[in-house]
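Examining the three-dimensional arrangement
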Amino acid sequence: MSMKPIGGYFELELNKFSEYHKDAIALNTARNALEYVLRTSEYQKIYIPYYTCDVMLEPSKKVNIEFEFYHIDKGFLPIVEAIENNAVLLYTNYFGICDKLVEVAARKFSRVIVDNTQAFYSLPVNSISTFYSCRKFFGVPDGSYLYCARSLNQELETDLSEGRISHLIKRLEQGAEEGFAYFRANDASFVGQPIKRMSKLTQALMMSIDYERIKKRRLENFFYLHNALKDINEIRIDLESITCPMVYPFLINKEGIRNALINRKIFVAQYWPNVMEWVDPNSVEFYLTTHLLPLPIDQRIDKSDLDRIVSNLKNYL
Ligand SMILES: Cc1ncc(COP(=O)(O)O)c(C=O)c1O
């Protein structure tokens, strides 16, 4: 055993609280968490929603199992009668507002894997394999947590995040625009990565977070936007179905709002451009991809920022 160094120069100084998902398996990315589940099970086929990020196709291709796309309805439930034997259905907790639907899907299909990438705070239901992606909720370079009953019988290398923090530092020191290209490059660097254990840097950062403060702020921000926009939002949000959302999903049949907001420095992503290549232009998924505005509600945002979002939106409607 190597001797513990005592004294000398310091490492990055961080708080040593606890991880939120301290009993989960800590890995490098959410897609690799899905690969982990597939490698530890005997499923021969996976049902994947059309409405998801294209990187979610990576795991089934790597593990070489069949996949089939499925449609969702306007209420985010799968339009699937039944799944085949030896198959599993991937269900996404969209925006972190679908906790109840996770339970519905689990009852209906019995073999389900839950993608809680957009619902970091929602705990797994029963013993269903469930995974998370750290950087969607917090300023960390990478990382994923996975609840999975089986463990992979294979040594896993520990990831190194040293080369993946420049966008975080640039956004802090120089602003959002300066860091954006680095953020994109960071996201691109995850393609084709093997399953690794979460890096020590990411794990240390995840231990330094005040989870309750962030949850409280996100919920307050969510409800503030909900009160301002619920009468015109085409998404019917079930408030009983929420633990702590990632964004406020605002759906409206009006073109050009995303760019208008971005021009006013209100950064609203598009989930997920790849979907437009996969589905018919008349489908629910196409409409969601083109018209859904995931409005930011994160822990940096206060009431005056939310008022700015609402007034810019209403000016445009
Ligand atoms: C719903 C959803 N699931 C999974 C992922 C993949 O997460 P990761 O990049 O950590 O593999 C994404 C990425 O954008 C996503 O939007």
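Scroll up for the structure.
The paragraphs below set out a description of the structure included in this document. (Residues numbered from 1 in each chain as written. Predicted model: local features only at pLDDT ≥ 70, side-chain atom pairs only at ≥ 80, totals over all residues. Heavy atoms only, no water.)

1. Remarks on the packing of helix H7 (residues 211-229) against helix H11 (residues 303-316)
- At a minimum axis distance of 10 Å, the contact between H7 and H11 shows a crossing angle of 30°. One finds that H7 runs roughly parallel with respect to H11. Crossing of H7 over H11 shows right-handed handedness. Contact with H7, carried on its side by Glu220, Asn221, Tyr224, Leu225, Ala228 and Leu229, involves Lys303, Leu306, Asp307, Val310, Leu313 and Lys314 of H11 and no other residues of that element.
- When the residues that make up the contact of H7 with H11 are grouped by side-chain class, the tally is seven nonpolar, one polar and four charged. (Axes fitted to C-alpha atoms, helices over the stretch in contact; angles between N-to-C directions. Helix = DSSP H or I, 4+ residues; strand = E, 2+ residues; numbered from the N terminus. Parallel < 35°, antiparallel > 145°, perpendicular 65-115°, else oblique. Left-handed = near helix turned anticlockwise from the far one by under 90°. Contact = heavy atoms within 4.5 Å. Nonpolar A, V, L, I, M, F, W, Y, C, P; charged D, E, K, R; others polar.)

2. Remarks on the packing of aromatic side chains
- Scanning all chains against the criterion turns up 30 aromatic pairs.
- Above the plane of the ring of Tyr182 lies Lys170, whose end atom (NZ or CZ) is 4.7 Å from the centre. (Phe/Tyr/Trp six-rings, centres within 6.5 Å; stacked < 30°, edge-to-face > 60°. Lys NZ or Arg CZ within 6 Å of the ring centre and 35° of its normal.)

3. Comments concerning the pattern of salt bridges
- Applying the stated criterion across every chain yields a total of 16 salt bridges.
- In this structure, the salt-bridge partner of Asp298 is Arg300, at a minimum N-O distance of 2.8 Å.
- Given the relative accessible area of 55%, Arg300 is considered exposed.
- Overlapping salt bridges bring together Asp142, Glu157, Asp159, Arg164 and Lys196 as one network. (Salt bridge = Lys/Arg side-chain N within 4 Å of Asp/Glu carboxyl O. Buried < 20%, exposed > 50% of the residue type's maximum accessible area, 1.4 Å probe, protein only.)

4. Some points on the sheet that holds strand S5 (residues 112-115)
- Taken together, the seven strands give an open sheet; going across it, the order is S1-S7-S6-S5-S4-S2-S3, and neighbouring strands pair in mixed fashion. Of all strands in the sheet, those with a lone pairing partner are strand S1 (25-27) and strand S3 (66-70), marking the two edges. Going from strand to strand, the sheet's axes swing by 20° on average, the running direction of each strand aside. (Pairing = 2+ DSSP bridges.)

5. Quick notes on the pairing of strand S4 (residues 87-92)
- Of all six residues in S4, six are buried; the element is thus mostly enclosed.
- Alternating residues of S4 divide into Ala87, Leu89 and Tyr91 and Val88, Leu90 and Thr92, and every residue in both groups is buried.
- The pairing of strand S2 (residues 45-49) with S4 spans three bridges and is classified as parallel. Paired with Ile46 across the strands is Val88, a residue of S4.
- When S4 meets S5, the two strands line up parallel, connected through four bridges. Along S5, the bridge assignment pairs Leu90 with Ile113.
- Read as a crossover between parallel neighbours, the route from S4 over helix H3 (residues 99-109) to S5 is right-handed. (Right-handed = clockwise from strand over helix to strand, strands pointing away.)

6. Re the packing of helix H4 (residues 166-173) against helix H5 (residues 176-188)
- Two elements in contact, H4 and H5, have axes whose closest approach is 8 Å; the angle formed by their N-to-C orientations is 170°. Relative to H5, the element H4 is oriented roughly antiparallel. For the pair formed by H4 and H5, the contact residues are Ser166, His167, Lys170 and Arg171 on the first element and Ala176, Glu178, Gly179, Tyr182, Phe183 and Asn186 on the second.
- When its residues are assigned to classes, the contact of H4 with H5 shows three nonpolar, four polar and three charged.

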